Amino acid sequence: MHVGFVMNPIAGMGGRVGLKGTDGKVAEAVDRGATPRAPERARRALGRLAAVAPEARVSTAADPMGERLVREAGFDPVRVVDPFEGDAPEPTETTADHTARVVRAFAGREGEAGLDAGDASDAPVDLVVFVGGDGTATDVAAALDGTGVPMLGVPAGVKVYSSVFAVSPEDAAEIAATFSRTERREVMDIDEDAYREGEVRPELRAVAAVPVTDDLQSSKQTASGTVESLAEGVADDVRARDGDGVTFVLGPGSTVGAIKAELGFDPSPIGVDVWRDGEVVARDATESEILDRLGEENVIVVSPIGGQGFVFGRGNPQLSPAVIERCEVRIVASRSKLDDVRTLRVDTDDPELDAELAGWVRVRVGKFETRMMKIA
């Protein structure tokens, strides 16, 4: 197995600081105190790959897009592709063009990033593993178009709508080491400016060859059935605690958005709002704003993503491990959403917390009704 490994070092930086994405917002994310998410996700994937396939051959991109992490994992790169044509940029200065150059070189396309077709190490890789989000997936798919080389994503972005990603960094390594066939999967992305305004516009950007396994996520569903009675029941419970000083952290999405509307305020549909004692105390809150408003008793109300089943780790990075650990978690979902989800999942960036959250949980599906679901 010869793997080409490339990382988008800025993927996911905008999430915890409330930007809903990083495209065109890197400087603002940095100003808000954002820190890179992708390197640790890459480190986890490479560490697992070294454990399950130590004999794998790995080519990679020059730093800051992968080389150091590949070497730290114990691999001696077959090849290091340098797409920068000069001094390496800062991580925040890397671009989609840099990613595309690296991936084209991985695929054996002559003339890309100094590719010498006569060198055996320059033969096409068997699989491109990339660390990023939907934008990175789009860049990788475009660079691989027509080559036959499959791709696999280590999820590190904010949205992750595409079905070309593994469920977790560790799963990506397992898939890379064991897959035997591929199928065509959709690469989706959305208009981030519209997304920040509360409108989700998924667009098909490419169809790419991806390893076949149960540990790939499905594409997101954008509709999940009626939630009126569910919203009424949860809102009644929230209002019953008004005056008790309980802080409710209300996650993003249409299901929890219906609860917010039932409480009588205009929700930030893809943001996190904080409610306490009959009023909104934070709208579209960042991780730090949520932490600042938590009290002695705190409850997160969150709904899994339709089609994928993620409770944490997709579309709600503001609900970080630091936030989750201080809260009781209540999961809500329409029956139709759960009918299309075999299991729930979490991917919080903290494997120990993921393990603590795993197991059977009660999911509220109606005004009074609940259903038992398992978090894998």
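Residues numbered from 1 in each chain as written. Predicted model: local features only at pLDDT ≥ 70, side-chain atom pairs only at ≥ 80, totals over all residues. Heavy atoms only, no water.

It is worth spelling out the overall build of the protein chain at this point. Looking only at helices and strands, the protein chain features 13 helices and 16 strands. Taking all contacts inside the protein chain whose residues are at least 6 apart in sequence as the whole, residues at least 24 apart take part in 68%. Of the roughly 15200 Å² of accessible surface on the protein chain, a fraction of 43% belongs to carbon and sulfur atoms. (Helix = DSSP H or I, 4+ residues; strand = E, 2+ residues; numbered from the N terminus. Contact = heavy atoms within 4.5 Å. Areas by Shrake-Rupley, 256 points an atom, 1.4 Å probe, with all protein chains shown as cover.)

Here we come to unusual backbone geometry. Cis geometry marks the peptide bond from D63 to P64; its omega dihedral reads 15°. Along the polypeptide, P64 turns up in the loop between β2 (57-61) and α3 (67-72). The phi dihedral of E85 is positive, around 55°, even though this residue is not glycine. Residue E85 is classed as exposed on the basis of its relative accessible area, which comes to 67%. You will see that D284, though not glycine, has its phi angle at about 45°, which is positive. By the secondary structure assignment, D284 is in the loop between β10 (279-282) and α10 (287-293). We classify D284 as partly exposed; its relative accessible area is 30%. (Buried < 20%, exposed > 50% of the residue type's maximum accessible area, 1.4 Å probe, protein only.)

A few words on the nonpolar core. Counting 58 residues, the largest nonpolar core has F5 and M151 as the members making the most contacts within it. Element by element, the count of residues in this core is highest for helix α2 (residues 38-52), at 6 residues. Leaving out residues up to four positions away in the same chain, F5 has contacts with A42, L46, V58, S59, T60, A61, M65, V70, F106, V129 and V131. In terms of nonpolar packing, the next biggest core, distinct from the first, is built from 28 residues, I331, L338, L357 and I375 among them. (Core = buried A, V, L, I, M, F, W, Y, C linked by side-chain atoms within 4.5 Å.)

Examined against the element boundaries, K374 turns out to sit in strand β16 (residues 370-375). What makes K374 partly exposed here is its relative accessible area of 42%. Sequence separation of K374 and A358 is 16 residues, and the distance between their C-alpha atoms is 7.3 Å. With residues up to four places along the chain from it excluded, the contact list for K374 reads T343, L344, G359 and W360.

Now for the sheet that holds strand β5 (residues 151-155). The strand order β3-β2-β1-β4-β5 describes an open sheet built from 5 strands, whose pairing is parallel. The strands lining the two open edges of the sheet, one partner per strand, are β3 (79-81) and β5. The mean angle between the axes of side-by-side strands here comes to 20°, regardless of whether they run parallel or antiparallel. For strand β4 (residues 127-132) and β5, the ladder comprises 5 bridges, and the chain directions are parallel. (Pairing = 2+ DSSP bridges. Axes fitted to C-alpha atoms, helices over the stretch in contact; angles between N-to-C directions.)

Contact geometry for α2 and helix α6 (residues 169-178): axes closest at 7 Å, N-to-C directions at 40°. Every pair of crossing elements has a handedness; the one defined by α2 and α6 is right-handed. Contacts between α2 and α6 involve R41, R44, A45, R48, L49 and V52 on the former and, on the latter, P169, E170, A173, E174, A176 and A177. Taken together, the residues that form the contact of α2 with α6 break down as 7 nonpolar, no polar and 5 charged. (Left-handed = near helix turned anticlockwise from the far one by under 90°. Nonpolar A, V, L, I, M, F, W, Y, C, P; charged D, E, K, R; others polar.)

A complete count under the given rule lists 23 salt bridges for this structure. Salt-bridge contacts for E174 lead to R48; the nearest nitrogen and oxygen are separated by 2.5 Å. Taken together, the residues span a long stretch of sequence, with E174 in helix α6 and R48 in helix α2 at a distance of 126 residues. With relative accessibility at 26%, the residue E174 sits in the partly exposed group. For the salt bridge of R330 with E328, the shortest nitrogen-to-oxygen distance reads 3.2 Å. By relative accessible area, E328 is classed as partly exposed at 38%. Among the ionic contacts, a cluster of salt bridges with common partners joins R37, R41, R314, D347 and D349. (Salt bridge = Lys/Arg side-chain N within 4 Å of Asp/Glu carboxyl O.)

It is worth spelling out the pairing of β16 at this point. Consecutive side chains of a regular strand alternate in pointing toward one face of the sheet and then the other. Relative to β16, strand β15 (residues 359-364) is paired through 6 bridges, and the arrangement is antiparallel. Residue pairing for β16: R362 is matched across the bridge by M372. A loop of 5 residues connects β15 with β16, the two strands running antiparallel in sequence.

Within a sheet, neighbouring strands are paired by backbone hydrogen bonds and run either parallel or antiparallel to one another. In spatial order, the strands read β10-β9-β8-β11-β13-β15-β16; together these 7 strands make up an open sheet with mixed pairing. What marks the edges here is a single partner per strand, and that holds for β10 and β16. Averaged over neighbouring strand pairs, the angle between their axes works out to 35° when direction is ignored. Here strand β11 (residues 298-302) runs beside strand β13 (residues 328-332); their pairing, made up of 4 bridges, is parallel. Note that in β13 the partner of V301 across the bridge is R330. Sheet contacts for helix α8 (residues 228-240): β8 (247-250), β9 (273-276), β11, β13 and β15; angle to β15, the most-contacted strand, approximately 95°.

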